[in-house]
Amino acid sequence: MKKPKWVIAKEQGKRAAAAETVWLFGLHAVRDALLNPRRERLRLVVTQNALAKLQDAVTIAGIEPEICDPRKFAAPIDAGSVHQGAALEVKPLDWGSLQDIALGAGPEPARIVLLDRVTDPHNVGAILRSAEVFGARAVVAVQRHSAPETGALAKTASGALERQPYVRVRNLADAMTQLQDMGYLVLGLDGEAETGIEDAVEGLRDRPIALVMGAEGPGLREKSRETCNRLVKLDAAGDFGSLNVSNAAAVALYAVRG
């Protein structure tokens, strides 16, 4: 019997995902990936100078480096990338299901950040870094219309990509509902909201909380807004100005700490 087109498309998608690789670059990002036992590492391209700085991590990873001339860097990355003489080809990290992460044990009440079509890898990298600093369980984004795992994202994350789960889901509203069913209070950040974020979590800091951040400009989509338990804002000193989404995520995570 001939397979339905949707089955064929799904199988093709799985094969494409399995074949996907990412080039990480920069000494910090490459070192952290070399030291991460969860990473599947494929190819390391380094200059002699970079190898000297990474030798301990290279030895631990057990990977054979390819030494290249700094004037003819051999890795297939953008010529403008600040690679510092080091690039590592890897498979994207598999962090498992959102449910397992959300319900996992931890010393503090769980916090999760959800990104509604935030596409700038530098913003996502900075959010991952803040999420790691403030002890979040994960950063969640949609599979389409969001920043994929890239070298630029990893470099901005400054090592957090190797430690902070970056989970991609098919539908953000479904993920929000799933978290609500697990007991999470889902708060959407909206500059026009009437309630400040700290007032919204007063007396509720012992609950697991998910923060939904919209893209700069359009903000949260209507479906995301409707699915939130509540829309909240970051209290500001004046009426003028707004924060970059990565800065807003950091402030919000600090505001809802347990």
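Model, not experiment: these values are computed from the prediction. (Residues numbered from 1 in each chain as written. Predicted model: local features only at pLDDT ≥ 70, side-chain atom pairs only at ≥ 80, totals over all residues. Heavy atoms only, no water.)

Describing the sheet that holds strand β3 (residues 65–67)
Move 1: Read across the sheet, four strands follow the order β1-β4-β2-β3 without closing on themselves; strand pairing throughout is mixed. Looking at which strands have only one partner, the edges of the open sheet turn out to be β1 (22–25) and β3. With strand direction ignored, the average angle separating the axes of adjacent strands in the sheet is 20°.
Move 2: Pairing between β1 and strand β4 (residues 86–90): four bridges, direction antiparallel. Along β4, the bridge assignment pairs F25 with A87.
Move 3: Against the sheet, helix α2 (residues 27–34) touches β1, β2 (41–46) and β4, its axis set at about 40° to β4.
Move 4: In the packing of helix α3 (residues 48–61) onto the sheet, contacts are made with β2, β3 and β4, and the angle to β2 comes to roughly 155°. (Pairing = 2+ DSSP bridges. Helix = DSSP H or I, 4+ residues; strand = E, 2+ residues; numbered from the N terminus. Axes fitted to C-alpha atoms, helices over the stretch in contact; angles between N-to-C directions. Contact = heavy atoms within 4.5 Å.)

Comments concerning a nonpolar patch on the surface
Move 1: Taken together, the side chains of V133, F134 and Y254 make up a nonpolar region of the molecular surface, amounting to roughly 310 Å² of accessible area.
Move 2: Structurally, Y254 can be placed in helix α10 (residues 245–255).
Move 3: Relative accessible area serves as the criterion here: at 45%, Y254 is assigned to the partly exposed category. (Patch = residues over 30% accessible without salt bridge, like charges linked within 9 Å, V, L, I, M, F, W, Y side chains within 5 Å. Areas by Shrake-Rupley, 256 points an atom, 1.4 Å probe, with all protein chains shown as cover. Salt bridge = Lys/Arg side-chain N within 4 Å of Asp/Glu carboxyl O. Buried < 20%, exposed > 50% of the residue type's maximum accessible area, 1.4 Å probe, protein only.)

What to know about the packing of aromatic side chains
Move 1: Under the criterion given, the structure shown has one aromatic pair.
Move 2: The ring centre of Y254 lies 3.8 Å from the NZ or CZ of R257, which sits over that ring. (Phe/Tyr/Trp six-rings, centres within 6.5 Å; stacked < 30°, edge-to-face > 60°. Lys NZ or Arg CZ within 6 Å of the ring centre and 35° of its normal.)

Thoughts on the confidence of the model for the protein chain
Move 1: The predicted model of the protein chain averages 90 in pLDDT, with 91% of residues at 70 or higher.
Move 2: Scored below 50 in pLDDT, residues 10–19 shows three contacts in the model against residues more than four places distant or in partner chains. (pLDDT = per-residue confidence, 0-100.)

Description of the nonpolar core
Move 1: If you look at the biggest cluster of nonpolar residues, it comprises 53 residues, and the most contacted ones within it are L115, L128, Y166 and L211.
Move 2: Grouped together as the second largest cluster of nonpolar side chains are 24 residues, A102, V140, V169 and M176 included. (Core = buried A, V, L, I, M, F, W, Y, C linked by side-chain atoms within 4.5 Å.)

Things to note about helix α7 (residues 172–181)
Three or four residues apart is the spacing at which side chains of an α-helix point the same way, because the helix has 3.6 residues per turn.
Move 1: All of the buried residues along α7 are L172, A173, A175, M176 and L179. What you see down the axis of α7 is that its buried residues fit within an arc of 160°, all on one side. Looking at α7, the residues exposed on the side facing more than 90 degrees away from the buried face are D174 and D181.
Move 2: One side-chain oxygen of the residue at the start of α7 lies 3.0 Å from the amide nitrogen of A173, identifying that residue as N171. (Arc of directions from axis to C-beta. Polar contact = N/O pair within 3.5 Å; in protein donor to acceptor, adjacent residues only side chain to side chain.)

Some details on the sheet that holds strand β5 (residues 111–116)
Move 1: Strands sit in the order β7-β6-β5-β10-β8-β11-β9 across an open sheet of seven strands; the sheet is parallel. Two strands lie at the open edges of the sheet, namely β7 (166–169) and β9 (195–196), each paired on one side alone.
Move 2: Bridge count between β5 and strand β10 (residues 209–214): six bridges; the pairing is parallel. Each bridged residue has a counterpart across the sheet, and for L115 the counterpart in β10 is M213.
Move 3: Together, β5, β8 (185–189) and β10 form the strand contacts of α10, whose direction differs from that of β10 by roughly 160°.

Looking at the pattern of salt bridges
Move 1: The tally for this structure, following the rule as stated, stands at eleven salt bridges.
Move 2: Linking R221 and D116 is a salt bridge whose minimum nitrogen-to-oxygen distance equals 2.6 Å. In this pair, R221 sits in the loop between β10 and α9 (222–227) while D116 sits in strand β5, placing the two residues 105 residues apart along the sequence.
Move 3: Assessed through its relative accessible area of 32%, R221 is described here as partly exposed.
Move 4: In this structure, E222 and R225 form a salt bridge, with 4.0 Å as the shortest nitrogen-oxygen distance. Of this pair, E222 and R225 both sit in helix α9, separated by three residues, roughly a single helical turn.
Move 5: Here R225 falls in the partly exposed class, since its relative accessible area comes to 31%.

Overview of the pairing of strand β11 (residues 230–233)
Regular strands place side chains that alternate from one sheet face to the opposite one.
Move 1: Pairing between β8 and β11: three bridges, direction parallel. From the neighbouring strand, L187 faces β11, where its bridge partner is R230.
Move 2: When β9 meets β11, the two strands line up parallel, connected through two bridges. Its bridge partner lying in β11, G196 is registered against K233.

Some thoughts on α3
Move 1: Where α3 bends most, the angle comes to about 70°, and this point is L54.
Move 2: Along α3, the positions that sit buried rather than exposed are A50, L51, L54, A57, V58 and A61. (Bend = angle between axes of the 7 residues up to and from the residue.)

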